[in-house]
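# Observations on the model geometry
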Amino acid sequence: MTNHYPFENTPLPYAYDALEPYIDEQTMHLHHDRHLQTYIDNLNKALEDRPALQRMTLEQLIIISGKLPEPIGTPISRNAGGVYNHRFYFNQLSPSGLRQPVGVLAGAIDDGFGGFTQFREKLTAAALEVFGSGYAWLVSDKRGRLSITTTANQETPLPRGQCPLLNIDVWEHAYYLKHYNKRADYITDWYNVVSWGQVSDRYIACISQRRQ
Ligand code: MN
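Residues numbered from 1 in each chain as written. Predicted model: local features only at pLDDT ≥ 70, side-chain atom pairs only at ≥ 80, totals over all residues. Heavy atoms only, no water.

What follows concerns the layout of surface pockets. Empty pockets left among the atoms are what a rolling probe the size of a water molecule brings to light. There is about 630 Å³ of room inside the largest pocket. What lines the largest pocket is a set of 22 residues, among which Tyr84, Cys163, Pro164, Cys206 and Gln209 lie closest to the centre. Where the lining of the largest pocket is concerned, the elements lending two or more residues are α2 (58–65), α3 (73–91), β3 (163–169) and α8 (196–211). In terms of residues, the lining of the largest pocket owes the most to one element, α8, which gives 6 residues. Of the residues that constitute the lining of the largest pocket, the class distribution is 9 nonpolar, 7 polar and 6 charged. When residues of the lining of the second largest pocket are traced back to their parent elements, those giving at least two are α2 and α3. When residues of the lining of the second largest pocket are assigned to their parent elements, the largest contribution, 4 residues, is made by α3. Each residue belonging to the lining of the second largest pocket can be placed in one class, and the counts come to 4 nonpolar, 8 polar and 2 charged. (1 Å grid on protein atoms, 1.4 Å probe; cavity = no way out; pocket = protein on both sides within 12 Å on 5 of 7 lines; lining within 4 Å. Points joined across faces, edges and corners; volume = space filled by probe spheres on them. Helix = DSSP H or I, 4+ residues; strand = E, 2+ residues; numbered from the N terminus. Nonpolar A, V, L, I, M, F, W, Y, C, P; charged D, E, K, R; others polar.)

The structure is reproduced here in structure tokens:
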């Protein structure tokens, strides 16, 4: 996956219809091929005359964007965030695989939330409470302690120093064609396609970074 300018829209790691019946094929086409593509195109456009920024990774651009002057800071922040959040969202989903956490991550979820059921309740509540467009996240701090947070629009948890493990996109474009205005139904369906193996891998990577 290209992680610097010019950014490219890499294919989904599964077929567009692979997440049926929970997330429909048409939504996946529009979400990946049009919404994500637009963030990629606009990010490349914002960077085309900025050679000093063209060598930076997506994560570096997100972190530095808050310190860039306008009119460059805002488009880089929004579009780099849009690319990061969508790649994150698509890559953690899978038509098969672990459907609940195991190992070190399962232990951390028990410690942080009292169990997987309680974790789900808390993440669902956070996702429902996002006003307008944004994301709910499971994140880890530098010590490996877990928490749930939300971000508005295409903001990410990275500038807060949090290590993202899982996100749910609650922009209406993520669910409106199938679930109409029923965000709660989309969230319930979304749990059926989360790949907890991916989430575990991310958690282990977060903990390893801390030790370096
Ligand atoms: Mn989206």
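The protein atoms that coordinate the manganese ion are His31 (NE2), His86 (NE2), Asp169 (OD) and His173 (NE2), at distances spanning 2.0 to 2.2 Å. Mapped onto the polypeptide sequence, the residues donating to the manganese ion form the spacing pattern H-x54-H-x82-D-x3-H. Taken together, the positions of His31 in helix α1 (residues 25–47) and His86 in helix α3 put the pair 55 residues apart, joining distant regions of the chain. One exposure class covers both His31 and His86, and it is buried. (Donors = N, O, S within 2.8 Å, 3.2 Å for Na, K, Ca; no water. Buried < 20%, exposed > 50% of the residue type's maximum accessible area, 1.4 Å probe, protein only.)

Right, let's get into the environment of Ile204. Mapped onto the elements of the fold, Ile204 is located in helix α8. The spacing of Ile204 and Leu165 is 39 residues in sequence and 9.8 Å in space, taken between C-alpha atoms.

A full pass over the atoms with the stated rule returns 1 disulfide. The residue that forms a disulfide with Cys163 is Cys206, at a sulfur-sulfur distance of 1.8 Å. In this structure the cystine formed by Cys163 and Cys206 twists about its S-S bond by roughly -75°; its chirality is therefore left-handed. In this pair, Cys163 sits in strand β3 while Cys206 sits in helix α8, placing the two residues 43 residues apart along the sequence. Each member of the pair Cys163 and Cys206 is classed as buried. (Disulfide = S-S within 2.5 Å.)

A word on unusual backbone geometry. Cis geometry marks the peptide bond from Tyr5 to Pro6; its omega dihedral reads -10°. Position of Pro6 among the secondary structure elements: in the segment before α1. The step from Glu20 to Pro21 runs through a cis peptide bond, and the omega angle for that step is 0°. In this structure, Pro21 sits in the segment before α1. Positioned with a positive phi, Asn153 is a non-glycine residue whose angle comes to about 55°.

Moving on, we come to α3. Along an α-helix, residues three or four positions apart point the same way, because every turn accommodates 3.6 residues. The end-to-end C-alpha distance of α3, which contains 19 residues, comes to 27 Å, matching closely the 27 Å that a straight helix rising 1.5 Å per residue would cover. Buried residues dominate α3, accounting for 14 of its 19 residues. (Expected span 1.5 Å × (residues − 1).)

Moving on to helix α4 (residues 103–113). For α4, the complete set of buried residues consists of Leu105, Ala106, Ala108, Ile109 and Phe113. Each buried residue of α4 sits inside an arc of 160° when the element is viewed along its axis, so together they form one side. In this structure, α4 carries Gly103, Val104 and Asp111 as exposed residues pointing more than 90 degrees from its buried face. Positive phi appears at Gly114, one or two residues downstream of α4, with a value of about 90°. (Arc of directions from axis to C-beta.)

Quick look at the sheet that holds strand β1 (residues 134–140) now. Taken in spatial order, the 3 strands of this open sheet run β2-β1-β3, and their pairing is antiparallel. One side of each edge strand has no neighbouring strand; the edge strands of this open sheet are β2 (146–152) and β3. Sheet twist, expressed as the average angle between the axes of neighbouring strands with direction ignored, equals 25°. Pairing between β1 and β3: 6 bridges, direction antiparallel. By the bridge assignment, Leu138 is partnered in β3 with Leu166. Running at roughly 80° to β2, α4 makes contact with β1, β2 and β3 of the sheet. (Pairing = 2+ DSSP bridges. Axes fitted to C-alpha atoms, helices over the stretch in contact; angles between N-to-C directions. Contact = heavy atoms within 4.5 Å.)

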